[in-house]
Each structure stands twice: as structure tokens, then as C-alpha cells.
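# Working through the structure, step by step
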Number of protein chains: 2
Amino acid sequence: MIQAYNPRTGEPAGNPVPETTEAEVDTLVRRAAEAAGEWVASERRAEALEAIADALDDHAEDLVAIADTETALGTERLTGEVARASGQFRLFAGVVRNGEYRKVVHTEAVGPAPDLRRALRPLGPVAVFAASNFPFAFSVAGGDTASALAAGCPVIVKAHEGHPGTSELSAAIIAGALEAAGVAGNPFGLIHGVDAGLALLRHPLITAAGFTGSIPGGLALQRVCAERPVPIPFFGEMGAVNPVVVLPGAASGRPREIADGYAGSLTLGAGQFCTNPGLLFVPDEAEILSAVSAAAGNASGGPMLTERIFRGYESAVAEAAAHPGLSELASGQPGEGPWGATPRVYTTSLKEFAADVPVLARERFGPAGIVVTYPSVDELLPVLAGLPGNLVGTLHAAESDLGDARRLVPVLEWIAGRVVYNGWPTGVAVVPAQQHGGPYPATTSAEHTSVGSAAINRWLVPVAYQNFPAGLL
Amino acid sequence: MIQAYNPRTGEPAGNPVPETTEAEVDTLVRRAAEAAGEWVASERRAEALEAIADALDDHAEDLVAIADTETALGTERLTGEVARASGQFRLFAGVVRNGEYRKVVHTEAVGPAPDLRRALRPLGPVAVFAASNFPFAFSVAGGDTASALAAGCPVIVKAHEGHPGTSELSAAIIAGALEAAGVAGNPFGLIHGVDAGLALLRHPLITAAGFTGSIPGGLALQRVCAERPVPIPFFGEMGAVNPVVVLPGAASGRPREIADGYAGSLTLGAGQFCTNPGLLFVPDEAEILSAVSAAAGNASGGPMLTERIFRGYESAVAEAAAHPGLSELASGQPGEGPWGATPRVYTTSLKEFAADVPVLARERFGPAGIVVTYPSVDELLPVLAGLPGNLVGTLHAAESDLGDARRLVPVLEWIAGRVVYNGWPTGVAVVPAQQHGGPYPATTSAEHTSVGSAAINRWLVPVAYQNFPAGLL
């Protein structure tokens, strides 16, 4: 049985949910595979996605209420997240209607060369592993589900154990909307439990998997996908420290604004974002350091999503506190409840940092950051270039920094999937030009994004049709 | 030392070539990485690719002469293949000039959503593992090299041991053309030897690998890529049996034409094509069977590329000959030389075939085929759907077969990257709409093609730029 807990109290929330058995997983996958043909052929796929969006909005209050009990993320944030989730279904309805996502290319016959038409087709039933930290936007009703359904792939979601009730309600809303929209069969299903998730990944009819979560979790599931008799692609979004570089002109020109922005981004959602700015690089100047120290000291933590995540944060913080190269710069206000995280910011020099990158550039999921002081941009660039892959790289620059910025961008675009100018990495717009991905270990496939309309690309593969008569196309 | 042999005689051809040491691999990769910045930024990249194309054409006679000695593929085929290789460099020069391959997308700021621009960037230095069976088009001067260089990625090619002299000459021509075109540094290099290839894949500055070859070879190298501290994508094109389905109307309407086409495709290049039609499905009718038997019996084999490939073919044929479900339908004329392959065609019923798909649908690299007789299209479809992935699926249909063809195409597009109507799978046009790829084990990444302009996609990943000022773009 899977039991949710209220992070504000540590007490059980709602009734326990049974783990899905292997036989039930098999039934769900077979049903999904049977529904695949009609789902992809349906002319009403866009309408069905919009029906899901409408149903999510209609049930927003209930969804927010149960999710707040299970995650303590707060009504405001969760209300916005339901809107984001329904917005993603509408975005992908538009992508389906537009039709360009199939990338049809036609090369007419010339001389001995044949007529060829290439177009994308859906992979088939796919597995989606939900994340803990976005109970809507990266969970059962999240972007992986919306983009895969839009591609024409049936979806079986493995719920995150942190919010089983929210997952059940989301699934019921989606299934109800599909049925009401007249969709034949069951192109959508939900399962619970680690073993059920493994059975899902190993099922011969599953053709790909999407995942949002930790690096160890992602790598373990990727291995399962690779070791199948027929390997399948695994699109894992895992971990990142998302370096922020403050260039000298920006640091001296607006130290307070930058410090406040940093503390806000670091502690947003108790730091439980894959885009959290875990590393801040600033010039070795007292003013910016003391501004950061003050802002971080005033910042508040929050209740973490689960006891396990809280324990992980505590141990990551203990590792940092014990590291000989780090000293504490600031400690913020503790969060509510038994799993309340306290913001912690450490500092070190570029030289100390460079001496132990594998440990110091490790993701610490929660509101913990390391501020690295650099003596010069010349010395900073090669150290940045050696960082592991990230979802986001950020630079803060003033007019006077543009020369340095031009040298910095090629390094940031090498180590991150998105580069932010004079902003913060948290906050990911769901738009066509978005890229929420990045080099390993940020993701297992740097060529894809899990946010924005291009997320549909993961679930499609091309087929070329050679010399096909009109009657067969 | 790596020694080439003349397949027509089994005697050494040319001087042995030393294996590249690990230190030399390191030097080449470092030089390539140093050249990366200038190579991708160069406004003359398209001109440089055209210079390579011109240089290949200028040296076509020498290239063909040495390749014919090392591969015995014949002057006509090899002359055509040099033209194909130079044509690929010109195709990709056009792709670079056009610029659309960078897939620039711009979402303007609206309300709280930021301005975002996404574009593709090259991965960095990549490894290319050359194939045995196309000494130009899938080797040192092949499509992987051309597409990766076009993407802006420096390339180090691991030569195939079957044609080291051809590889050396190709590399010298490419390097000379790049130098003459004024390209700075060394964005291209060549290495020899299995150990050198492994050192290349494990080199921390290598960012991806392309491979064309056998399934065991591809899987072994893929594992090396996956087990690196920082895993890299491995684009392997491996093995396929490329089923051909002859529908009843076509079988009774033009049995001889189909039989001749089949025998020609099966034995082309001594059957040494990844698109070779290893499985032919025909109605259980005497006429088409006897036509295939006659055509295959008249077909000639040829000298195989290497002793190892010949031994592999002999053992694959022995396995088929000993299989209780197969009986020999025809045996053709032996090829020239000590490694001359003899065409062999076996036959079985759909029922027998379905009882041992893993063995009977195994690729037998060379001119060996299995003809499977099917009692009805209804019974055929589920067996086809259970085949492993292929590069090509082919159907032959008459007007009267269109209903069956409409049911067959969705199965073929599921198990193959290209579906051919009333043609043969061998022969792969290098055009924008081409898809030379397919589900596992045909390739390790069904979403990509290794032939045609879309082959460039393998070497690129997206980056989004958020709120960038004009001066920084």
C-alpha cells in the first residue's frame, strides 16, 4: 500500500492506495496497445486533449485541495500549476491541429531516384514516470502525458509515491474526459509502486519512457530500458546545479537586486526545482558577498515534499557543512513541519571549487547553494567549462560586461540547455522556443526538451514511403 | 599492423598500416577539439565541404583503383560510390548554406513569459566508425563524416580494417582539401585499430559516435558509450532482414519479374548490403516459388569483402542449411576467389517460420535468403508484426491487392524505417526525404537517419536563449 503524508504535520493524508500488480500492469498495457490504432487515427485527438484541459480546469479546486494536503506546496502555487497543466494540453491540441509536428518531407522522383515521402509516426504505448515536485505539470496530468498523447502514443503513468491521491484524481479526470469525448478504448492508464514501474518498463509492448526525478533513479531506470531484449529510448530529466555567473559590472552595479533575486530563486518551493541555482559565481568582492549573505539569511525555507526528500537534503547539507573547502555564508529561516528545510548558503574560492568539482558541483535538492568567488573571468571560464551538464546556465551582466558576456555565452551553451540573461533559472515558460533539457547528467538525451511544444518529438520516429501510389498514402 | 587483402586472390594488398596508439588518438582528439570553435564559426564551412567534394572527384581514379584492390567491388560500382560520396558533401554544403538545419525558433515575450530563442548547436568532436561494405559512402569520406562536419562537429574516423589503404587516401584527400580551403587547425582525423577505436570512444572530449556495421559490434560499442563517466549518444546502424511481401495479385500477375528483381537485389554486391532482402514472403503458389527458384539458381555470387565476412556468411548459411524448418530452394553460381560467396535461397512455411522467428529472422550478411510461403494475408500480418526492426519493408502489389496493401502498410511502417512499393530495398537515394534507419536492431536510434540531409540532426542539440539582448545574439 502507498500512503501519502501531510508534509506540514508528518501525519498520514488520505487513504492508502494499493500497489498495482504485475498482472494489472499487463492488462493496462495491452488495453493501451489495443487502443493505439484508433487513438492515432482519430480526427478528434485535438478535441480529446482539449476535453482533458477543460476537465482539469473544472476540477481545479478539488485537485488543489488534495495536492496541498499531500505536498504542502500551497494553494496559490498549485492553482497556477493546474492552469499550467491544462494549458499544456491546450498547447498540444494546437500542435496536433497544426500538423507540422509530423514533419512531412517530399522528394519527387528525379532520374533513377525514387519518389520519397517522409513523415513521423508515434512510437506506440509509452511509460511516464511522474515527478515529486510538480504534482500536476510533471506528474499524471503533466507535459510528458500531454505530449505523448498528442503524438498519438497511449500513456501509462507510474504515479509518484508522494502524491497518490492527487495522481488518482488526476487519472480519473483524464480517463473521464477521454470517455466523454468519445475516445475508443483506454489509451491512458495509471499504476502505483516501484515493482509495477519496473514491470511497466520491461513490458514488451512499451516503446519508450519519460522520467523526471533524481540522477540515481533515472540511471537505474535507464539501465532497465537498455537491458530489455528490445531496448527502448529513455528520456530522463534528472539533476542539475544550474550555475549563475555574476559578471563584475553587474556585481558592483546592483549587488542587492542580484542577491535578492538569487535568494528568491534558491528558496522558491523550498528549493525543490530541477532549475534551482545551486552554484553562484561572483567576483571576489565584499559587497556582493555580504549582500548575498544578508538576503539568504532573511530567506525562509518550507516543508519538503516527503520525508525521504527531507532526509536527502539534510545529508546533502551535512556533506557541504563538513567539506573543508566550504564555509557557511548564511543560514535562513527553517520551514514549517517535521520536514521543514532551512536555506543554507556556503562559500568557497574558485581555486578550492576547482579542486573538488565532482563533490562541490553535486545537486543538493533543496534550498542549499554554494557561492564561488572568482578572481577573474579568465580564470573562471575553464572551470565553468568543466562543470557537469545542466538545464540552465545564467549570466548577470551590465553594459560594461558585454565583452566578458560574449566569452561566457559559448561556455554556458556548452554546459546547459538554456541560457538566461539577467534573470533566474527557476520558472520555465511553456512555449514553442523553450528548451528544458541539457547535457548529461541534466538529462539522458540532450537533443530533447520535456517542456514546450518540441516535447512531442520524443514520442515520434520517421518512416519514408518510397514510390507509393496515391491510393495508399 | 593492419594488412589489407585482395578478395579476388586472398593475397596481401598494399603495405600494412600501423595501428594508432592511444597517445596518438589523444593528440588527434585534442587537436580536433581545439579546431572546433573555428570550424563551427567559419563562414566558409560550406565551401570547405565543397572543396572536399571536388577533391574526391579529382582523385576518383586513384580512389577506385585502391578500393577495388582492397574490396573487389568492381570499378563501375566504386566509381558510382565516389560520386555518391562527393555528392553527399555537396548536399551537406547546401544544407549548411540554407541554414534551416539550425531550426531557429523565436517566441516573443508575452506578459510574464520571457523572450526565448532556440537554435541547434553542434555537439563537439565526434567519432565515426567506418563500414566494410561501402569504402566511400559509409567510410572515411562517407555520410557520417559529411553530416557531422556540416553540423560543425570535428570528426575522427576509425577506419575499417578491410580497406586501410582506401581509408588513408580518403583521409589525405579530405585533410588536403580542408587545408587548401584555408580551414584552421585539424577538424578531421583518421585512426586505425580496434584498441584505438575504444580509446577514441572513451576519450572525454568525444561527444557522440556514429557506427555502421554488425549487431554484435554495434552493441559492444554502444555499451562502451553508455559506461563512460559521461555517457554519449551512439548512433549505430546495425543489421536487418528487410522483409519483402509479395501480395497474391502481384505474385500471379508478374511472377518472373518479381523473381528476377528479388534475385538481383539479394545478390547485388554479393549480398553485402544492410538493405539486403533477407526474407521474402510469397503466397503458397507453385508458380512464384518456381520462378524464384529459377532466378536465384541463375544468380551469381561474388568475392566477399574480407575473410572474416566470408566465414561469417558460411556459418550463417550452415545454420540455415541445418535448420529443420528450412529446405533449400536454390543455389546460385559461386563467386570468384577464396572468399567467393554462393547465393543460397531456402524456403519454409509461415507456420514453421513463426515457430522460430528469432533464428529464422536473423540477418545472414551475404546473398542468402529465406522464402516464406503464406496461406493468407490474415495469417501473415501478425507474424510480420512480430519481426525485429528493419531498415526497409517492401510490398509488391497489383491493383487487386490494394485492400490487402492498406492493411499491410501499417505493419511494415511499424517494423521498418522505409517502406518500398513495387521496388526493392537495395539502393538508398541520398535526398531530403530519405529515412535510412529503423527500429532496433536495425539501428540503436529509430528517430534518426544516416542517409540524406536529415542525417545532420544526429550531431546537433538545442539551446534556448532567454531574454538575450541584441548585442549578445
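A brief structural summary. (Residues numbered from 1 in each chain as written. Chains lettered and ligands numbered in written order. Predicted model: local features only at pLDDT ≥ 70, side-chain atom pairs only at ≥ 80, totals over all residues. Heavy atoms only, no water.)

### Description of the side chain of A:R418
Here is the rule we go by: Secondary structure counts use DSSP, requiring at least four H or I residues in a row for a helix and at least two E residues in a row for a strand, with both numbered from the N terminus. Throughout this description, buried means an accessible area under 20% of the type-specific maximum (1.4 Å probe, protein chains only), exposed means over 50%, and partly exposed covers the range between. In this tally, Lys and Arg are treated as positive and Asp and Glu as negative; His is ignored, and so are the chain termini. By convention in these notes, a salt bridge is any Lys or Arg side-chain nitrogen within 4 Å of a carboxyl oxygen on Asp or Glu. Pairs of N or O atoms are called polar contacts if they sit within 3.5 Å, as long as, within protein, a hydrogen donor faces a hydrogen acceptor (for residues adjacent in sequence, only side-chain-to-side-chain pairs). The criterion used for residue contact is that any of the two residues' heavy atoms lie within 4.5 Å.
With respect to the helices, strands and loops of the structure, A:R418 is situated in strand β16 (residues 416–421). Buried and unpaired, A:R418 has A:E237 as its nearest opposite-charge partner, separated by 9.4 Å. Side-chain polar atoms of A:R418 contact the backbone oxygen of A:P425, separated by 2.9 Å. Setting aside anything within four residues of it in sequence, one finds A:R418 in contact with A:T275, A:L391, A:V392, A:G393, A:P425, A:G427, A:V428, A:Q434, A:Q435, B:L116, B:A464 and B:Q466.

### Here we look at the packing of aromatic side chains
Note the threshold: Only centres within 6.5 Å qualify two rings of Phe, Tyr or Trp (six-membered ring in Trp) as a pair; their planes then separate them into stacked at under 30 degrees, edge-to-face at over 60, and tilted for everything else.
The full count for this structure, using the stated rule, is 16 aromatic pairs over all chains. Note on B:F281 and B:F353: the rings are 5.6 Å apart at their centroids and 85° apart in plane angle, and the pair reads as edge-to-face. Taken together, the positions of B:F281 in strand β11 (residues 279–283) and B:F353 in helix α13 (residues 350–355) put the pair 72 residues apart, joining distant regions of the chain. The residues B:F281 and B:F353 share a single accessibility class, namely buried. Among the aromatic side chains, those forming a connected cluster through ring pairs are A:F134, A:F138 and A:F273.

### Let's talk about the side chain of A:T348
Residue and element names in this part refer to chain A. As for its position among the elements, T348 is in strand β13 (residues 344–349). A polar contact is formed between the side chain of T348 and the backbone oxygen of G325, at a distance of 2.8 Å. Dropping the residues within four chain positions of it, T348 is found in contact with G325, L326, F353, I370, V371, V372 and T373.

### Focus on the relation of the copies chain A and chain B
For the record, the criterion: Superposition of the copies used a least-squares fit over C-alpha atoms from residues whose pLDDT is at least 70 in both.
With an RMSD of 0.0 Å, chain A superimposes on chain B once it is rotated by 180° and translated 0.0 Å along the axis. The transformation relating the two chain copies, once decomposed into turn and shift, fits a two-fold axis. By C-alpha distance to the rotation axis, the residue of chain A lying nearest is A:A226, at 4.7 Å. Take the interface residues of chain A: 100% of them recur as interface residues in chain B, which is what a same-surface contact looks like.

### What to know about the sheet that holds strand β6 (residues 155–158) of chain B
Residue and element names in this part refer to chain B. The cut-off we apply is this: Here, any two strands with at least 2 DSSP bridges between them count as paired. To obtain each axis, a line is fitted to C-alpha atoms, and for helices this fit is confined to the stretch in contact; angles are then taken between N-to-C directions over 0 to 180 degrees.
Strand order in the open sheet made by the five strands is β7-β6-β5-β8-β9, with parallel pairing throughout. On the outer flanks of this sheet lie β7 (188–191) and β9 (234–237), each paired with one strand and no other. Mean inter-strand twist for the sheet, computed between neighbouring axes without regard to direction, equals 15°. Bridging between β6 and β7 involves four bridges; their strand directions are parallel. Looking across to β7, one finds that K158 is bridged to I191. Sheet contacts for helix α1 (residues 22–41): β6 and β7; angle to β7, the most-contacted strand, approximately 165°. Contacts between helix α7 (residues 194–202) and the sheet are confined to β5 (126–129), β6, β7 and β8 (209–212), with β5 contributing the most and set at about 150° to the helix.

### So, helix α6 (residues 164–180) of chain B
Residue and element names in this part refer to chain B. Selection rule: One less than the number of residues in a helix, times 1.5 Å, gives the span that helix is expected to have.
Spanning 17 residues, α6 covers 24 Å between terminal C-alpha atoms, matching the ideal 24 Å at 1.5 Å per step. For α6, the complete set of buried residues consists of P164, G165, T166, S167, S170, A171, I173, I174, A177 and L178. Contacts from the buried residues of α6 go to β1 (2–5), β2 (12–17), α1, α2 (45–58), α3 (60–71) and β7.

### Remarks on unusual backbone geometry
With an omega of 5°, the peptide bond between A:Y440 and A:P441 qualifies as cis. Mapping A:P441 onto the fold places it in the loop between β16 and β17 (460–466). A positive phi angle, near 50°, is found at B:K103, a position not held by glycine. Assignment of secondary structure puts B:K103 in the loop between α4 (75–98) and β3 (105–107). A residue is classified by how much of its surface remains accessible, and B:K103, at 37% relative accessible area, is partly exposed. Positive phi outside glycine occurs at B:N422, with the angle close to 50°. By secondary structure assignment, the location of B:N422 is in the loop between β16 (416–421) and β17 (460–466).

### What about the sheet that holds strand β7 (residues 188–191) of chain A?
In a beta sheet, neighbouring strands are held together by backbone hydrogen bonds and run either parallel or antiparallel to one another. All names here are of chain A. As summarised here, the arrangement of the five strands in space is β7-β6-β5-β8-β9, forming an open sheet in which the pairing is parallel. A single partner strand is all that each edge strand has here, and the edge strands are β7 and β9 (234–237). The average angle at which neighbouring strand axes cross in this sheet is 15°, direction not considered. Packing against the sheet, helix α1 (residues 22–41) makes contact with β6 (155–158) and β7, and its axis sits at approximately 165° to β7.

### A look at the environment of A:R90
Mapped onto the elements, A:R90 comes out in helix α4 (residues 75–98). Put simply, A:R90 and A:A455 are 365 residues apart on the chain and 14 Å apart in space, counted from C-alpha to C-alpha.

### Some words on the interface of chain A and chain B
Size of an interface, as often reported, equals the accessible area lost when the parts are brought together. To keep it simple, the criterion reads: By convention, the term buried area covers the 1.4 Å-probe accessible surface removed from two parts as they join, with the contributions of both added.
Listed by partner, the interface residues are 53 residues for chain A and 54 residues for chain B. For the pairing of chain A and chain B, the buried interface totals around 4,300 Å² over both sides, and the portion due to carbon and sulfur atoms is 63%. Broken down residue by residue, the surface that chain A buries against chain B is led by A:A433, A:E447 and A:L472, which jointly contribute 14%. Taken together, chain A and chain B are joined by zero salt bridges.

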